[in-house]
Amino acid sequence: MIRMAGKPVADLLRESIRQQAEERVKNCGPIVLAIIVVGDDPASHVYKDRLVKLAATIGVVTKVKLLPAETTQQQLMATILALNVDDNIQGILPMMPLPKGLDGAAIGAAIAVEKDVDCLNPANVGNVSLGQSPWAPCTPRSAMAILRHYGIELAGKHAVVVGRSNVVGKPLAMQLLAADATVTICHSRTPDLGAMTRTADVLVAAAGVPRLIKADMVKPGAVVVDVGIHQEGDQLVGDVDGSVAEVASALTPVPGGVGTVSSMMVMQRLVMGCKEQ
Ligand code: NAP
């Protein structure tokens, strides 16, 4: 079984992104990413810290805005609007999900199209769906980068995506479709999930349910991408059960798989998007 680790993918991307950032900074000045964290969600803070560290290695400046959990929709909206018109900011990334009571979709829609590094603005979502922009959300791009890196053939294959969220499942299904796979999307109302997943040549688990996909739900020899991340005690587990390693021909590990590449995808969008502007 091929272990489709994310690190080699991220390492390869890092140097080219760093070089492009250097050139961009020389010609147009600093590249600054504004990261907004509302409240104390530990996963958001871990992700923010990872982005800040990574940005420093690439030559990107980060400006972190920490807002209390009691922040109102209007206050958060005002923060976004101020960043939109700030010429010193090239990218805006609010950590999701936002605390209860805040409307994440409205916040995403308020981010200026050209500064929207994780494709939260519906205009960007539309352009990606129409095949007019490559800048899908970072996690689906990360999964696709891993599949490409490991030479996984997608054209003519049956890809099954478990999960239909706007940030992962749906955009990933669109990207698999664009790569000429035949795509089935499953969700919580799919009656016999195993019957669907067993037909997959390429199976993507993005349901947010720890170890949902067991070995008997996977066709022998299938390629499996595990997008899930769950903290269980001091362990990180995915949406795919360990037993799947015995039947899959290739599998992304958790940790060390899709998540390892996602933050690099933020930097790629920021730096290359900046160049395009
Ligand atoms: P989400 O918004 O909760 O969406 C989960 C999707 O899975 C929904 O469409 C839901 O169906 C479906 N689902 C839930 N239970 C199911 C079941 N038993 N059978 C079939 N489908 C089921 O989650 P998300 O934001 O897409 O994230 C998915 C996972 O990826 C989470 O574990 C998250 O932590 C992880 N994640 C990883 C990264 C990374 O960088 N690796 C980034 C983002 C997210 P309905 O639509 O019917 O409710």
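Preceding block: the structure.
Let me begin by describing the structure that accompanies this report. (Residues numbered from 1 in each chain as written. Predicted model: local features only at pLDDT ≥ 70, side-chain atom pairs only at ≥ 80, totals over all residues. Heavy atoms only, no water.)

## Description of the overall build of the protein
Scanning the protein for helices and strands turns up nine helices and eleven strands. Relative to a compact globule of 277 residues, whose C-alpha radius of gyration would be 19 Å, the protein shows 19 Å and is just as compact. C-alpha extents for the protein along the principal axes are approximately 50 × 40 × 40 Å. For the protein, the residues scored as buried account for 49% of the 277 residues in total. Sequence separation of 24 or more characterises 71% of the internal contacts of the protein that already satisfy a separation of 6 or more. Summing over all exposed atoms, the protein offers an accessible surface of approximately 12,800 Å²; the carbon and sulfur share of this is 56%. Here the protein contributes 25 positively and 26 negatively charged side chains, and the mean placements of these two sets differ by 2 Å. (Helix = DSSP H or I, 4+ residues; strand = E, 2+ residues; numbered from the N terminus. Rg over C-alpha atoms; globule rule 2.2 N^0.38 Å. Buried < 20%, exposed > 50% of the residue type's maximum accessible area, 1.4 Å probe, protein only. Contact = heavy atoms within 4.5 Å. Areas by Shrake-Rupley, 256 points an atom, 1.4 Å probe, with all protein chains shown as cover. Lys, Arg positive; Asp, Glu negative; His and termini not counted. Charge placed at Lys NZ, Arg CZ, Asp CG, Glu CD.)

## Focus: the pairing of strand E2 (residues 32-38)
A large share of E2 lies buried, amounting to seven of its seven residues. Neither face of E2 is exposed, since Val32, Ala34, Ile36 and Val38 on one face and Leu33, Ile35 and Val37 on the opposite face are all buried. Where E2 lies against strand E3 (residues 61-67), seven bridges are found, and the strand directions are parallel. Its bridge partner lying in E3, leucine 33 is registered against threonine 62. A crossover links E2 with its parallel partner E3, the connecting element being helix H2 (residues 42-58), and its sense is right-handed. The sheet contact formed by E2 and strand E4 (residues 91-94) spans four bridges and is parallel. Opposite alanine 34, over in E4, you have isoleucine 92 as the bridge partner. (Pairing = 2+ DSSP bridges. Right-handed = clockwise from strand over helix to strand, strands pointing away.)

## Considering the nonpolar core
Formed by 48 residues in total, the largest nonpolar core has its most connected members in Leu33, Val60, Leu147, Leu176 and Met267. Counting contributing residues, this core receives three or more from each of domain 1 (27-113) and domain 2 (138-259). Not counting the four nearest positions on each side in its chain, leucine 176 is found in contact with Met144, Leu147, Leu154, Ala159, Val161, Ala181, Val183 and Val204. (Core = buried A, V, L, I, M, F, W, Y, C linked by side-chain atoms within 4.5 Å. Domains from an automatic or database assignment.)

## Observations regarding the site of the ligand
In the neighbourhood of the ligand, 23 residues make up the surrounding shell, with Thr139, Arg164, Ser165, Ser188 and Ser262 lying closest. One of the side-chain nitrogen or oxygen atoms of arginine 164 is found 2.7 Å away from an oxygen atom of the ligand. Serine 262 is positioned with one of its side-chain polar atoms (N or O) 2.8 Å from an oxygen atom of the ligand. With three residues, the single largest contributor to the shell around the ligand is helix H9 (residues 258-276). For the shell around the ligand, the per-class residue count stands at eleven nonpolar, ten polar and two charged. (Near = heavy atom within 4 Å. Polar contact = N/O pair within 3.5 Å; in protein donor to acceptor, adjacent residues only side chain to side chain. Nonpolar A, V, L, I, M, F, W, Y, C, P; charged D, E, K, R; others polar.)

## Brief notes about the sheet that holds strand E6 (residues 182-186)
Spatial strand order, E1-E11-E8-E7-E5-E6: six strands in an open sheet with parallel pairing. Edge positions in the open sheet fall to strand E1 (2-3) and E6, since each of these has one partner strand only. In this structure, strand E8 (residues 223-226) lies alongside strand E11 (residues 250-251), joined through two bridges in parallel fashion. Directly across from valine 224, in E11, lies its bridge partner leucine 251.

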